Each structure stands twice: as structure tokens, then as C-alpha cells.
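Okay, here's what each chain looks like letter by letter:
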Amino acid sequence: MKRLEKIIGMLLLMGVIMTIFMVTASAAGADPTGASYVLPTGNETLADVATVANKGLLGSNYVWIMVCGFMVFFFQCGFAMVETGFCRGKNAAHTMTMNFMVFLVGAVGYFLVGFALQMGGSGGAAGLGSGGSVLNAMVSIPGFGGIVGYKGFALGGTYDVGIYALFFFQMVFMDTTVTIPTGSMAERVKYSAMVITSFFISMILYPLFANWVWGGGWLATLGKNFGIEHGVVDFAGSAVVHSMGGMLALAGAIVIGPRIGKFKKDGTARAFPGHNIPMAIIGTIILFFCWFAFNAGSTLNASDFRLSVVATNTMIAGAVGGLVAMFYMWIKYGKPDPSMTANGALAGLVAITAPCAFVNGISAFIIGLIGALLVCIAVPFVENKLKLDDPVGAISVHCVNGLWGVIAVGLFADGTYGEGWNGVAGGVKGLFFGDASQLVAQLIAVAVLFIWGFGVSFVFFKVLDKVWGLRVAPEDELEGLDIPEMGILAYPDSQLVRSELDYDSADNAEIKQLARFKNRETIIEPYPKANSVNIDRAVPVEVVSNPATSVASDVKITKIDIITKQSKFEALKEALMEIGIAGMTVTQVLGCGIQKGKTEHYRGVELEVNLLPKVQVEIVVTKVPVRTVIETAKRVLYTGHIGDGKIFIYDVENVIKVRTGEEGYDALQDVE
């Protein structure tokens, strides 16, 4: 007790001393309210006041553009979650990492080449100071307009704070375009092919079109040079970012072909549900949040009060887009489809991105509503009519609604904003407010998007597919891309249950893009025909004998356990049924082991044990010869690659049917 009293006394004493110190110790010149910081001293000159005012104005612009750029970068997280959630779990690591990788590649490609081509002759942004005048190099055709810039490769010769801020903001916009085609080609595209594609987009395809619209190029100067209103107007990127990404997604989906099993021989499509809808919804919310910076940040100026209109219009269009899509699916199919609700919101956001600064709230509502209807119509049209496989709806969201957003400027712009836009006097005004000329300019942009965005992308993907290969091997696609492409599973501690959608089937439509793979017959056929592979080289059979001799009948009973890849199960099942095996027990298991000469690495460290999804098929036979079962399984499972599986054979002492009490041979008669 005495010790406790001493401690309490010391604490009280220390408290009293600290209180006295806090009350009496006031630093000279301290101002806890900050009021004195803005009080004039009486010695300021007019130049001093102007300097402070200019610095405050420019400072707010810099903070605005950089913070918005940070938020637009966070788009990558939203896209990664949406795409991964809408894909199957066996491809989660591949899809998620691909969405991160394209940012890394895109940022480097844009730094080295893309920025110079896009903004090299733009003159910079007025709200970021006068340093942008360094960007003064443009290749132009007299009487037509600018074609491409050529100042600022690797930011050389542009060491200016304003130009660096502009680079940062433009770079994160470009990277959104790079990300979009990963969605339409997910679950069957080579990781390496997307690395090459990302360099192509960031260094050539995107910068040139962006130059024509945002960098002072010929589409922007259609008004000055040809009298077509304000030229092409795209406030935040329905054309430059989303339509361009959507055209890439469309071209990529055509060239790469559908996923195995997506379409039946009769042409009908199968639904491939995403493995994690909550992840996709969270990703959509992230994108929605970041879209406020995407659109409002495009003012490039914190003192442009129109940013409040931009942000509000963005919210209205996105909200009505999601709501209308939800009710559309609810009324038509009986349930409010979560995936289409997400796509509807994104469609509204894409559509409002170009006109957000030039329209009022009612127009934003109409634009978002039409965007939702378009995406709900486009998704089944792309799938059922065009026979294109787009796992996340990138074509319908970004291509279709990007084009709608471009056109919407020419229809709904009300003339209250855009004075001097692209060097033309007056506000931007569309058809519904008395000026059809702006709509003509927007339709020219649509035509260029098809010719340049889709046409060049299609040729690029065709060449890439021919030279490098765009698509993974069919056996890797069926198994899942996480291990073959990434060397690691997204969910190593979870058992991923495969459905019939994860196997090939005799009812699947032919995929012409698989013709280049030499071993496609072993994938496309329900199972390999007799002698189609060298079964002498197949996996060895391990026989485990049971010395027990007590049986319930004279008929020999044998149990056969087959452990193999999940992707081989459907073929194995059909083959066994053809030889008379009607009963089997199938278990999803994890195979634990490491193959000699075949190692994987995680963070540079060799994996000692690798857990892989497998299927264990248990069969008990009496009438069907054991050797027939073995040879059939070997013929189906053999590929010559590691992981084909193993077969175990056991003698069975007895079998008892619980319902009837029958034993031995009789107990198996309604099984075989």
C-alpha cells in the first residue's frame, strides 16, 4: 500500500508541474488561432499582393489537378476488382495482376513516347502557369491541322512544374484506356501479349487520337479551320479514353475468340457467372467515387466553378444508369441482376464523361437513362448476335456508351459553358439548343474512332496473334491461368469447386482460334480416341494389394482410385460410362507435392510444396475388367505433361448395401 501511495503521489506531482508549465510557457510569437497570418502589416506593395494572389490561385490549381490525378490512379483498383470479380476464381491472380501490370507498362510507355506525341504541341494548360509554352512542337498539315506532337520524349526539355503536373494527370487518363481491353479478353489472353499491347496503346494508339482531340490536333481545330462549330468536344474522355478503350476491347474480343465452352454448337451462349460478385460491386463503388475526380478534375482549374456542375451531373447520370439497369433486369428476368446493375452505373458514368460540363441536370438524367438502356440491350446483342465473348461487358459499357457520350454533346450542350473552347467564340451548343453543327463535329469523331480506334487495333491484334500469339493454350485455359501464367494461385488455401463450365464438351461450338494448337484434339474431343496418344508413355499404375481374403462372394471386387486434373474430369466420366461404369464417387481434393525438374517460385523463393486443385474419382468394379478401366483412364488422361495423375488399384474385402443388406456382388448390381 505504501508503494502504491508513493506512485500515486508522484503522478499527481508530475501532473501539477505539467499543468503549470503549459499555462505559463507561451512561445513568443505563437498564434494558436492563425488570425495574425492574414493581417496586413501596412508595408505591402501592390506587387506583393499580386504575387500572393497569383501564388494562391496557381497553388489551388496544382493541388486540385494533383489530388484528382491521385484519385484517377485509383481507377486501377476499381477496374481490377470489377474484372476479377466477374471472372472465375481459377483466373483471379492472372486477372488482378494483369490490371496492375498494364498501369506499370502504360506509365513507362507514355513517359518515354506517348506524352510527347499527345501534348508536344499543345502549349500546356493555362491554369498551370506559363511553362507549358515549351510544348510548342507539332507536325501539321497546312489548311488541315495538327497531326502529332514531338516535344517531351521522356519529358526531355520540359523540366517545368506545370508540365510535370499536366503529364501526371494525362498519364492516369491514358492508363484507363490501357486497362479496358483486359476485360473483354480476360480468362484466355496471354499475360505477355497484354504487356506488348499496353506498350502499343500507351506509345502509339492512344497518344495520336488524344493529340487530335486534346493536344491541339486536327479534330479540335475543325471549328477554326472548317467552321464546324467548336470542333470535336470531349470534356473528360468519352471519346479519347472510353470509346478508344472500347474499340480495343471490341477488336481484341474478335481476334482472340470466345472462351472454351462459352457457345454451344447451336450458337446459343452459356452464362459464365463471376466468382466474387461482392468484389465486383466494391470495385464499381470505387470507380464511381473516382469518377468525380475523373470528370471534375478535367477543368484543370480549381477556380473554374463549373466543376460543381460537372460533379453533380456525374452523380446523376451514374445513379440513374445503375437504377434503370437494375429495374430493367428485374422486370425482364424477375431478379435485379447485380452485375448488370453495376454495368448500368458504369454505362451512365461513361456516357456523361464527354458532356458533363456542357449540360444541365435534366440532360444528365436523360443521358444516364439512355446509357443504361443501351448497356442492357448491348450486352445480349454482343453475346447472342455478334457471338463475341466479353466476360465483363467492356464493349457494351465503354465502346457503346462512349460513343453515346460523344454524340450526347452534339445533342444536349446548352451553350452556357465552353466560351472560347478550341479557339471558337461562344459556348458549346448542341442540336436541341439550336446548333446542329456541333453534332456534325461529334459524328466525325465517331467515324474516326471506328477507323483509327477499331481499325488499327484490329490489325495490331491480328499481327500480334500471328507473330507472338494472343491466346493461351487450351489446356491452360481449362485448368485456369493462375498457375500456367502466374505460377501462383489466387486462393491457395481454398478449394475452388469447378462446374461443368470449366471443362470442354462435345456440345461446344468450334473455336477457330484454337486451330494453331497442335494438341487441340485432346482438348476438343470428349476424350482421345483409341491409340490417338502413346499410352505406353503414360503415367505408371501404382498397385496397392490387400492381403485379406475374406469376401462375400466368388466374384472379385476391385476399387480403383483415379486422381487427376479437374479439367480432365468430364472427358474421363464420359469415357468410363462408355465402357459400362455407371457409378462413381467424385471428390474435389487438393494435390500436395512438388515435381522434379518443375519448380515454381513465390517472391523469388522456390516453392517446396504446391497445393493444386485435383479430382479424385473412386470406382468399384466387378464385371468390367480392371485392365479395361486402367487403359481407358490412361488414354483419356495422358498428355505427356507433368500432372496427368495417378491410378491406384485395391482389392476390396466386401461391399454392403445399407438399404437392403445385400453384400458382395449383389450389393453392386444397381451401380455397375
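My aim in this report is to walk through the structure given alongside it, one point at a time. In this convention, every chain numbers its residues from 1, walking through the sequence in written order. Where totals are concerned, whole chains, interfaces and linings use all residues; where local detail is concerned, this predicted model gives features only for residues with pLDDT of at least 70, and gives and counts side-chain atom pairs only at 80 or more. Side-chain metrics rest on all non-hydrogen atoms present in the structure, leaving aside hydrogens and water.

1. Describing the overall build of the protein
1) Next: A count of helices and strands for the protein gives 19 helices and 9 strands.
2) Next: If you sum the accessible surface of the protein, you get close to 30,200 Å²; carbon and sulfur atoms cover 66% of it. Each helix is a run of H or I in the DSSP string that is no shorter than four residues. Each strand is a run of E no shorter than two, and both are numbered from the N terminus. For every accessible area listed, the method is Shrake-Rupley and the probe measures 1.4 Å; residues are considered covered only by the protein chains on display.

2. Looking at a nonpolar patch on the surface
1) Next: A cluster of nonpolar side chains, namely Ile196, Val459, Val463, Val467 and Trp468, defines an oily patch on the protein surface of about 470 Å² accessible area.
2) Next: At 3 residues, helix 14 (residues 437-467) tops the list of elements feeding residues into the nonpolar patch.
3) Next: On the secondary structure map, Val467 appears in helix 14.
4) Next: Looking at Val467, the relative accessible area reads 68%, which means it is exposed. Think of a patch as exposed residues, more than 30% relative accessible area, with no salt bridge, where like charges cluster within 9 Å and nonpolar side chains (Val, Leu, Ile, Met, Phe, Trp, Tyr) cluster within 5 Å. Here, a salt bridge means any Lys or Arg side-chain nitrogen found within 4 Å of an Asp or Glu carboxyl oxygen. Each residue gets one of three labels from its accessible area relative to the maximum for its type: buried under 20%, exposed over 50%, partly exposed in between, using a 1.4 Å probe on protein chains only.

3. Side note on the pattern of salt bridges
1) Next: Under the criterion given, the structure shown has 13 salt bridges.
2) Next: Between Lys556 and Asp651 there is a salt bridge, and its shortest N-O distance comes to 2.8 Å. Linking Lys556 in the loop between strand 3 (541-543) and strand 4 (558-565) with Asp651 in strand 9 (residues 646-651), this pair joins segments that are 95 residues apart in sequence.
3) Next: If you follow the salt bridges from partner to partner, you end up with Arg88, Glu187, Arg259 and Asp389 in one network.

4. Here's the deal with helix 13 (residues 394-412)
1) Next: Take the residue count of a helix, subtract one, and multiply by 1.5 Å to get its expected span. End to end, helix 13 covers 25 Å across 19 residues, agreeing with the expected 27 Å (1.5 Å per residue, within 8%).
2) Next: The reported bend at a residue is simply the angle between two axes, fitted to the 7 residues ending at it and to the 7 residues beginning with it. Along helix 13, the helix axis deviates most sharply at Asn401, where the bend reaches about 25°.
3) Next: With 17 of 19 residues buried, helix 13 lies mostly within the body of the structure.

5. Structural notes on empty space enclosed by the protein
1) Next: Two kinds of site are reported from a 1 Å grid over the protein atoms alone, namely cavities, where a 1.4 Å probe fits but cannot get out, and pockets, open sets with protein on both sides within 12 Å along at least five of seven lines, and residues are called lining when an atom falls within 4 Å of a point. Grid points are joined across faces, edges and corners, and a volume is the space filled by probe spheres set on the points. Applying the stated rule across the entire model yields 2 cavities of 30 Å³ or more.
2) Next: Size it by volume and the largest cavity reaches roughly 100 Å³.
3) Next: Surrounding the largest cavity, 13 residues form its lining, Phe79, Val82, Val392, Ala394 and His398 being those nearest its centre.
4) Next: Those elements that place two or more of their residues in the lining of the largest cavity are helix 3 (75-86), helix 5 (161-184), helix 11 (338-352) and helix 13.
5) Next: Taken together, Gly124, Ala125, Leu128, Gly129, Gly131, Gly132, Asp160, Gly162, Ile163 and Leu166 make up the lining of the second largest cavity.
6) Next: Within the lining of the second largest cavity, the residues separate by chemical class into 4 nonpolar, 5 polar and 1 charged. Each residue gets one label: Ala, Val, Leu, Ile, Met, Phe, Trp, Tyr, Cys and Pro are nonpolar, Asp, Glu, Lys and Arg are charged, and the others, such as Gly, are polar.

6. Notes on unusual backbone geometry
Most peptide bonds take the trans configuration, and most residues that are not glycine carry a negative phi.
1) Next: Phi at Ala154 is positive, roughly 55°, even though this residue is not glycine.
2) Next: Assignment of secondary structure puts Ala154 in the loop between strand 2 (145-149) and helix 5.
3) Next: With relative accessibility at 33%, the residue Ala154 sits in the partly exposed group.
4) Next: One non-glycine residue with positive phi stands out, namely Leu300, at about 55°.
5) Next: Mapped onto the fold, Leu300 is located in the loop between helix 9 (277-296) and helix 10 (307-333).

7. Examining the packing of aromatic side chains
1) Next: Note on aromatic contacts: the rings of Phe and Tyr and the six-membered ring of Trp form a pair at centre separations within 6.5 Å, being stacked when their planes are under 30 degrees apart, edge-to-face when over 60 apart, and tilted otherwise. Taken as a whole and assessed by the stated rule, the structure comprises 32 aromatic pairs.
2) Next: Consider the rings of Phe144 and Phe226, whose centres lie 6.4 Å apart with planes at 70°: the pair is edge-to-face. Placement of the pair is Phe144 in the loop between strand 1 (138-141) and strand 2 and Phe226 in helix 7 (residues 222-226), with a sequence separation of 82 residues.
3) Next: On the accessibility criterion, Phe144 (27% relative accessible area) is partly exposed.
4) Next: Considering the side-chain rings of Phe209 and Trp212, the 6.2 Å spacing of their centres and the 75° angle between planes classify their relative orientation as edge-to-face. Here Phe209 and its partner Trp212 are both found in helix 6 (residues 191-214), 3 residues apart, which amounts to about one turn of the helix. You'll find Phe209 and Trp212 in the same group, each marked buried.
5) Next: Site record: aromatic cluster; members linked through ring pairs are Phe75, Phe79, Phe169, Phe173, Trp214, Trp291 and Phe294.

8. What to know about the side chain of Glu83
1) Next: In this structure, Glu83 sits in helix 3.
2) Next: Charge convention: Lys and Arg are scored as positive, Asp and Glu as negative, and His as well as the terminal groups of each chain are ignored. Buried charge without a salt bridge: Glu83, with Arg188 as the nearest opposite-charge side chain at an N-O distance of 9.8 Å.
3) Next: Whether two residues are in contact is decided by their heavy atoms: any pair within 4.5 Å suffices. Discounting residues that sit within four places of it in the chain, Glu83 has contacts with Thr95, Asn99, Thr179, Ile180, Thr182, Gly183 and Val392.

9. Some words on the nonpolar core
1) Next: Nonpolar cores were defined as sets of buried Ala, Val, Leu, Ile, Met, Phe, Trp, Tyr and Cys residues, with membership established by side-chain atoms within 4.5 Å. Phe209, Leu219 and Leu470 are the most contacted members of the largest nonpolar core, which totals 132 residues.
2) Next: Top contributing element to this core by residue count: helix 8 (residues 238-256), with 12 residues.
3) Next: Ranked by size, the runner-up nonpolar core spans 21 residues in total, among them Tyr503, Leu572, Ile619 and Val621.

10. Things to note about the side chain of Gln442
1) Next: As for its position among the elements, Gln442 is in helix 14.
2) Next: For Gln442, a relative accessible area of 0% gives the class buried.
3) Next: When neighbours within four sequence positions are excluded, Gln442 is seen to be in contact with Gly231, Val232, Val233, Val406, Ile407, Val409 and Gly410.

11. Here's the deal with the packing of helix 3 against helix 5
1) Next: Axes here mean lines fitted to C-alpha atoms, for a helix over just the part in contact, with angles spanning 0 to 180 degrees between N-to-C directions. Here helix 3 crosses helix 5 at 5°, and the two axes come no closer than 11 Å. Judged by the angle between their axes, helix 3 and helix 5 are roughly parallel. Facing helix 3, whose interface residues are Phe75, Gln76, Phe79 and Glu83, helix 5 presents Asp175, Thr176, Thr179, Ile180, Thr182 and Gly183.
2) Next: Across the contact of helix 3 with helix 5, the residue classes break down as 3 nonpolar, 5 polar and 2 charged. Reported orientations rely on four angle classes, namely roughly parallel under 35 degrees, roughly antiparallel over 145, roughly perpendicular from 65 to 115, and oblique for the rest.

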